[in-house]
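Residue strings, one per chain:
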Number of protein chains: 2
Amino acid sequence: MTTRAEATRARLQSAALDLFEERGYRAVTVEEIAAAAGVSHMTFFRHFPTKERVLLDDPFDPVIAAAVAAQPTGMPPIERIARGLVSLAPLLDQEPTAQARRAIAIAAREPDLQAGMAANTAATERAIVEAAATAGDEPAMRIAAAACLAAVTAVLLGWATDGSTRTLGELVSTAMTTVVPALAEAQVPAFARATP
Amino acid sequence: MTTRAEATRARLQSAALDLFEERGYRAVTVEEIAAAAGVSHMTFFRHFPTKERVLLDDPFDPVIAAAVAAQPTGMPPIERIARGLVSLAPLLDQEPTAQARRAIAIAAREPDLQAGMAANTAATERAIVEAAATAGDEPAMRIAAAACLAAVTAVLLGWATDGSTRTLGELVSTAMTTVVPALAEAQVPAFARATP
DNA sequence: GCAACAGATGTTAGTGACTAACATTTGAGG
DNA sequence: CCTCAAATGTTAGTCACTAACATCTGTTGC
């Protein structure tokens, strides 16, 4: 059951995506987005705190954090995070990802949005650390999260801008399986062990 | 020899720092900063492209990138970057760091500035990769840079907000020597080897 | 000295993101 | 139909940021 507010929000996001692709982020005003969605600019700001959030908002941080926290402890933080991210692959493949792909492609080529993207990554990093860090390993967790998310970001940018036909789940899994051994100097057979 | 423009720029930064500390980032207008520095708001924007850059601008990215690029190749990217950062310790200790400390302390507690801080880190990461990546190891370099910079960021925040009396050089060196073994699963005696 | 030139700054008049206060509409349950 | 609350609209701002053009200030060549 989608409420009226949710429908308005979706219309705003969709209209913004169309307009940004047509004329670029900077050249489109909030007024225009609101008009295209059939609402006033005040309604826009009731749904999104800033212009950039209509493009950059995503609801995945809690999901990612929970997936990492759900991994067993007792392994190195980097492996725990990588396993958590890989566990999301099936979900990523069933999600409708077309809009996300368009949004990332826009954000990647708009200088005005790069700070916001970096902030998104930083927020995901914080969410992982808060949800999954155990006593005393926050620093290691933060560093491991930064490393894994750097790999995921690279993969996301390629996925959105190149014409990759592979699914997000595949790409993220590949990135994690290649990246974790690289970080661990190839000694830890991270994904050779059984996945429960 | 400091030019008039450099003096104006310095006055603007100093005035902004004072005002932000006094009343918070949001409550201070660009007009007020300009007035406190004895110039008009147009002059402010000739020296800083946005309000947040008066606080967040720093000239270190090229220095950091060069320091990493100056490290010998043939070692794992993470070790190369860590060595590059540690090589900057003497420089960090002779730099006048009081203003940087105040700026970071402000940025750390102001939500409006967190995107800008993340963008700063991302820019440093890009600078390192562009300057120091060799054929084929860009992905690994990016990930290693993200990991090292996560550690440095944590150290910087602690240094600026806690009342640490240790120097930046000491703190960064400690972070790198503790962090690199952690990432490499403690097998690589990164800093036991001779430093040329 | 002084003329001339360029770098630095000022003035003015905008646009557009964002906010506050208050009025209005819309839709679901009684 | 009525009512109430969620959702949206109107209005009138503030402030970051920009463009175009005027003025100033210090230096350089004479």
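What counts, and at which threshold
Residues numbered from 1 in each chain as written. Chains lettered and ligands numbered in written order. Predicted model: local features only at pLDDT ≥ 70, side-chain atom pairs only at ≥ 80, totals over all residues. Heavy atoms only, no water. Salt bridge = Lys/Arg side-chain N within 4 Å of Asp/Glu carboxyl O. Helix = DSSP H or I, 4+ residues; strand = E, 2+ residues; numbered from the N terminus. Buried < 20%, exposed > 50% of the residue type's maximum accessible area, 1.4 Å probe, protein only. Near = heavy atom within 4 Å. Polar contact = N/O pair within 3.5 Å; in protein donor to acceptor, adjacent residues only side chain to side chain. Nonpolar A, V, L, I, M, F, W, Y, C, P; charged D, E, K, R; others polar. Core = buried A, V, L, I, M, F, W, Y, C linked by side-chain atoms within 4.5 Å. Contact = heavy atoms within 4.5 Å. Domains from an automatic or database assignment. Buried area = accessible area lost by both parts, 1.4 Å probe. Arc of directions from axis to C-beta. Axes fitted to C-alpha atoms, helices over the stretch in contact; angles between N-to-C directions. Parallel < 35°, antiparallel > 145°, perpendicular 65-115°, else oblique. Left-handed = near helix turned anticlockwise from the far one by under 90°.

Participant: Would you mind going over the pattern of salt bridges with me for this structure?
Facilitator: In a structure, side chains of opposite charge can pair up when their charged atoms sit close to one another. Residue and element names in this part refer to chain A. Under the counting rule described, the total for this entry stands at 16 salt bridges over all chains. Measuring nitrogen to oxygen at the nearest pair gives 3.8 Å for the salt bridge that ties D57 to R9. Remark: R9 occurs in helix 1 (residues 4-23) and D57 occurs in the loop between helix 4 (53-56) and helix 5 (61-69); sequence separation between them is 48 residues. The exposure class assigned to D57 is partly exposed, which follows from its relative accessible area of 28%. Taking the shortest distance from any N to any O, the salt bridge between E79 and R83 comes out at 3.2 Å. In this pair, E79 and R83 are both assigned in helix 6 (residues 77-86), 4 residues apart and thus about one turn of the helix distant. Residue E79 is classed as buried on the basis of its relative accessible area, which comes to 1%. You can call R83 buried: its relative accessible area is 10%.

Participant: Whenever I open this one, helix 6 of chain A confuses me. Can you help?
Facilitator: Residues spaced three or four apart along an α-helix face the same direction, because each turn holds 3.6 residues. When you tally the buried positions in helix 6 of chain A, you get 8 out of 10 residues, the bulk of the element. The complete set of buried residues in helix 6 of chain A reads I78(A), E79(A), R80(A), I81(A), A82(A), R83(A), G84(A) and L85(A).

Participant: What should I look at first to understand the protein's contact with DNA strand D in this one?
Facilitator: Lining the immediate surroundings of DNA strand D are 21 residues, of which T8(A), S40(A), T43(A), R46(A) and K51(B) lie closest. Of everything in DNA strand D that lies within 4 Å of the protein, sugar and phosphate atoms constitute 59%. The side chain of R4(A) places a nitrogen or oxygen atom 3.4 Å from a sugar or linking oxygen of DNA strand D. The separation between a phosphate oxygen of DNA strand D and a polar side-chain atom of T43(A) is 2.4 Å. For the surface near DNA strand D, the elements supplying multiple residues, two or more each, are helix 1 and helix 3 (41-47) of chain A together with helix 3 (41-47) of chain B. Sorting elements by how many residues they give to the surface near DNA strand D places helix 3 of chain A first, with 4 residues. By residue class, the composition of the surface near DNA strand D is 8 nonpolar, 8 polar and 5 charged.

Participant: Mind showing me how you'd approach the protein's contact with DNA strand C here?
Facilitator: In the vicinity of DNA strand C there are 21 residues, among which K51(A), T8(B), S40(B), T43(B) and R46(B) approach most closely. At the protein interface, 55% of the atoms of DNA strand C within 4 Å belong to sugar or phosphate. At 3.3 Å from a base oxygen of DNA strand C is found a side-chain nitrogen or oxygen belonging to H41(A). T43(B) places a side-chain nitrogen or oxygen 2.5 Å from a phosphate oxygen of DNA strand C. Elements with a contribution of two residues or more to the surface near DNA strand C: helix 3 of chain A together with helix 1 (4-23) and helix 3 of chain B. At 4 residues, helix 3 of chain B tops the list of elements feeding residues into the surface near DNA strand C. Residue classes in the surface near DNA strand C are distributed as 8 nonpolar, 8 polar and 5 charged.

Participant: Quick question: what am I supposed to make of the nonpolar core here?
Facilitator: Looking at soluble globular proteins, one finds that nonpolar side chains tend to be buried together. Counting residues in each nonpolar core, the largest one holds 70 residues, and the members touching the most others are I81(A), L85(A), M176(A), I81(B), L85(B) and M176(B). What I81(B) contacts, discounting residues up to four positions off in sequence, is V68(B), I128(B), M141(B), A144(B), A145(B) and C148(B).

Participant: Would you mind showing me how to read the domain arrangement of chain A here?
Facilitator: All names here are of chain A. As far as domains go, chain A holds domain 1 (4-54) and domain 2 (58-185). Computed over C-alpha atoms, the centres of domain 1 and domain 2 are 27 Å apart. Interface area for domain 1 against domain 2, summed over the two sides, is near 960 Å², with a carbon-plus-sulfur share of 50%. Its largest share of buried area at the contact with domain 2, domain 1 owes to L17, E21 and Y25, together 52% of the area lost on that side. For the pair domain 1 and domain 2, the number of links is 3 salt bridges.

Participant: Just checking my understanding: could you explain helix 5 of chain A for this structure?
Facilitator: Residue and element names in this part refer to chain A. Every buried residue belonging to helix 5 is among D61, I64, A65, A67 and V68, and all of these are buried. In a view along the axis of helix 5, the buried residues occupy a sector of 160°, so they form one face of it. Elements in contact with the buried residues of helix 5: helix 6, helix 9 (114-132) and helix 10 (138-161).

Participant: Help me understand the packing of helix 1 of chain B against helix 8 (residues 98-109) of chain B, please; the structure alone is not making it clear to me.
Facilitator: Any two packed helices are characterised by how steeply their axes cross, that is the angle between the axes, and by the distance between the axes. Residue and element names in this part refer to chain B. For the pair helix 1 and helix 8, interaxial distance at closest approach is 10 Å and the crossing angle is 45°. Classified by the angle their axes make, helix 1 and helix 8 are oblique. As for how helix 1 packs across helix 8, the hand of that crossing is left-handed. On helix 8, the residues that touch S14, L17, D18, F20 and E21 of helix 1 are Q99, R102, A103, I106 and R109. Taken together, the residues of the contact of helix 1 with helix 8 break down into 4 nonpolar, 2 polar and 4 charged.

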